[in-house]
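Residue strings, one per chain:
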Amino acid sequence: MQTQTTTTAWNQIVQEGVQAYVEALTDADSQRISEEYGTHNYHPLPVNLVRADGVLVFDGEGNEYIDCIGSYSAVAHGHLSEFIVQTVKRQLEKVTLVSRAVYSSELAVFLKAICDYSGMDMACPMNTGAEAIETCLKLARKWGYTKKGVPKDQAEIIVAEGNFHGRTTTIIGFSSEPQYKELFGPYGPGFVSVPFDDVTALEAAITRNTVAIMMEPIQAEGGIIVPEPGYLARVREICTRNNVLLIWDEVQTGFCRTGKRFAWQHENAEPDLMAVGKPLGGGLFPVSAALGKRHVMEVFVPGDHGSTFGGNPLGAVIAVAALAEMEVDGLAAKSQERGQQMMDGFRALELPQVLEVRGKGLLVGLEVQNVDSKKLTQAFLDARVLTKETRNHTFRFAPPLTISEAEVDEVVARVGRAIRSVV
Ligand SMILES: *Cc1c(COP(=O)(O)O)cnc(C)c1O
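Calculation criteria
Residues numbered from 1 in each chain as written. Predicted model: local features only at pLDDT ≥ 70, side-chain atom pairs only at ≥ 80, totals over all residues. Heavy atoms only, no water. Helix = DSSP H or I, 4+ residues; strand = E, 2+ residues; numbered from the N terminus. Buried < 20%, exposed > 50% of the residue type's maximum accessible area, 1.4 Å probe, protein only. Pairing = 2+ DSSP bridges. Contact = heavy atoms within 4.5 Å. Domains from an automatic or database assignment. Buried area = accessible area lost by both parts, 1.4 Å probe. Salt bridge = Lys/Arg side-chain N within 4 Å of Asp/Glu carboxyl O. Polar contact = N/O pair within 3.5 Å; in protein donor to acceptor, adjacent residues only side chain to side chain. 1 Å grid on protein atoms, 1.4 Å probe; cavity = no way out; pocket = protein on both sides within 12 Å on 5 of 7 lines; lining within 4 Å. Points joined across faces, edges and corners; volume = space filled by probe spheres on them. Nonpolar A, V, L, I, M, F, W, Y, C, P; charged D, E, K, R; others polar.

*Asks:* Explain the environment of Gln 336 to me, using residue names and the numbers behind them.
*Replies:* Looking at the secondary structure, you find Gln 336 in helix α14 (residues 331-348). The exposure class of Gln 336 is partly exposed, given its relative accessible area of 37%. Through-space distance from the C-alpha of Gln 336 to that of Leu 362 is 6.8 Å; in sequence the pair is 26 residues apart.

*Asks:* Which residues make up the pairing of strand β11 (residues 354-360), and what values go with them?
*Replies:* In terms of strand pairing, β11 meets strand β12 (residues 363-368) through 6 bridges, oriented antiparallel. Across the sheet, the residue bridging to Val 357 is Leu 366, located in β12. Between β11 and the antiparallel strand that follows it, β12, lie 2 residues; Gly 361 among them carries a positive phi value of about 55°.

*Asks:* An account of the sheet that holds strand β1 (residues 49-53) is requested, with residue identities and associated values reported.
*Replies:* Spatial ordering of the open sheet is given by β1-β2-β3-β13, a layout of 4 strands whose pairing is mixed. The two strands at the open ends of the sheet, each matched to only one other strand, are β1 and β13 (385-386). Two elements, strand β3 (residues 64-67) and β13, share 2 bridges in a ladder whose sense is parallel. Counterpart to Asp 67 in the pairing with β13 is Leu 386.

*Asks:* So what about helix α15 (residues 373-382)? Which residues, and what values?
*Replies:* Each α-helix turn comprises 3.6 residues. Residues three or four places apart therefore point the same way. Listed in full, the buried residues belonging to α15 are Ser 373, Leu 376, Thr 377, Ala 379, Phe 380 and Leu 381. Buried positions along α15 lie against β3, β12, β13, β14 (388-389), β15 (394-397) and α16 (405-421). One or two residues past the end of α15 sits Arg 384, with phi positive at roughly 65°.

*Asks:* An account of the domain arrangement of the protein chain is needed here, citing residue identities and associated values.
*Replies:* Here the protein chain is described as being made up of domain 1 (22-80 + 330-421) and domain 2 (83-328). Taking only C-alpha atoms into account, the centre of domain 1 sits 26 Å from that of domain 2. Taken together, the contacts link 29 residues of domain 1 with 33 residues of domain 2. The contact between domain 1 and domain 2 buries some 2500 Å² in all, and 56% of this surface belongs to carbon and sulfur atoms. Among the residues domain 1 hides against domain 2, the three largest losses belong to His 77, Lys 360 and Arg 391. Together they make up 32% of the total. Taking the shortest distance from any N to any O, the salt bridge between Glu 221 and Arg 396 comes out at 2.7 Å. Here domain 1 is connected to domain 2 by 18 residue pairs in polar contact (both at pLDDT 80 or more). Considering every element that reaches the side of domain 1 that touches domain 2, the biggest residue donor is α14, with 4 residues.

*Asks:* Can you tell me about the layout of surface pockets, naming the residues and giving the values?
*Replies:* As a volume, the second largest pocket reaches approximately 770 Å³. Around the second largest pocket sit 28 residues that line it, and Arg 100, Leu 111, Ala 123, Cys 124 and Pro 125 are the ones nearest its centre. By residue number, the principal contributor to the lining of the second largest pocket is helix α6 (residues 105-118), which donates 6 residues. Class assignment for the residues of the lining of the second largest pocket results in 16 nonpolar, 6 polar and 6 charged.

*Asks:* Any details on the pattern of salt bridges? Residues and values, ideally.
*Replies:* Summed over the entire model, instances satisfying the criterion amount to 17 salt bridges. For Arg 391, the salt bridge identified is with Glu 177, shortest N-O distance 3.4 Å. Residue Arg 391 is located in the loop between β14 and β15, and its partner Glu 177 is located in the loop between α8 (169-172) and α9 (178-181); the two are separated by 214 residues in the primary sequence. Its relative accessible area of 22% is what places Glu 177 among the partly exposed residues. Put simply, Glu 203, Arg 234, Glu 237 and Arg 241 are held in one network by salt bridges that share partners.

What follows is the structure, given as structure tokens:
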């Protein structure tokens, strides 16, 4: 494979298709080219995936892995879900992109479907999770100025330590992870950080300029941190009592990942706004949205916000198909059952290296101690299980929600073997 982009190569790509070039690459070629031409803002596992099917993924040498990364929870329906792929094929014969300069029937159906599914009143379609968060932040601030009477440019939003809400310059400004923010300042003002799962600190941080509290119901990137029972409901109650909006970031926990449609439903802590994304794209395409109550969403007027690709017809039908398949396949119940099976299985291994197993549904964290994380990462790969460390020596297991009972048993067995193999 030549890496030069000569006129000849471009002509060949046009004639033969890009896939001919892709197929000619070895795993080593792919790694080498990626390191040379791609910025080094990720440190990938030494695995080059070329094919996927359900919960399985394959490298160029034909090795088969059980995908417990699930593209950071974005692949909920299994790779290449037949129903979603068929939906895409049909849509590709009609229209894919029209912009928000016009109306679109596909977008209309998406807006109705996502509101029905979530119980929210209105939706603002975006593409990535970070954009959905930014949208929520803008809505909350404008609500604060126009409805709560907060003096202009004084709005405060309370967030939790250990949060992960995305990678924009605004969002990293209130991250507590040094690597995410250092040397990317100056950071935007207007955010106050409090310890997660601490209602006293939360209440103490509220001022008359507080417009919103924004948190993940379970901190996923932060190491699968599940708050004490009752916390979500208390946060809801504190928001109501103080006339502060509650924003749940359900980008990772949403759409059945934790055993319910949304993680806030475990405590009926209904938000005023929520950000959704990742699995909404059916594992094929970025689709996200800010969802919320009408009294908040209605503060947007034409020109306030937008996105060229947000709400495009292709993404819209993919998202509706993704919602439908989750319902028809009962993915919430499956996530609950398989997640419990996985956690019980990990605990039953009774390994001294396992400090804690925690999570909800199929968002599972396995915290290890006294073991070299690098060696363990390699041992998991050798056992053909894809998982990656989040923060705090915790490996995340977030496979597609379609994973079978037998496959969960297999993951548990392989994880046991891998941990035992590291000395
Ligand atoms: C992944 C994630 C985001 C950001 O989503 P992107 O699509 O990567 O921008 C935001 N919040 C949470 C909780 C996430 O897990």
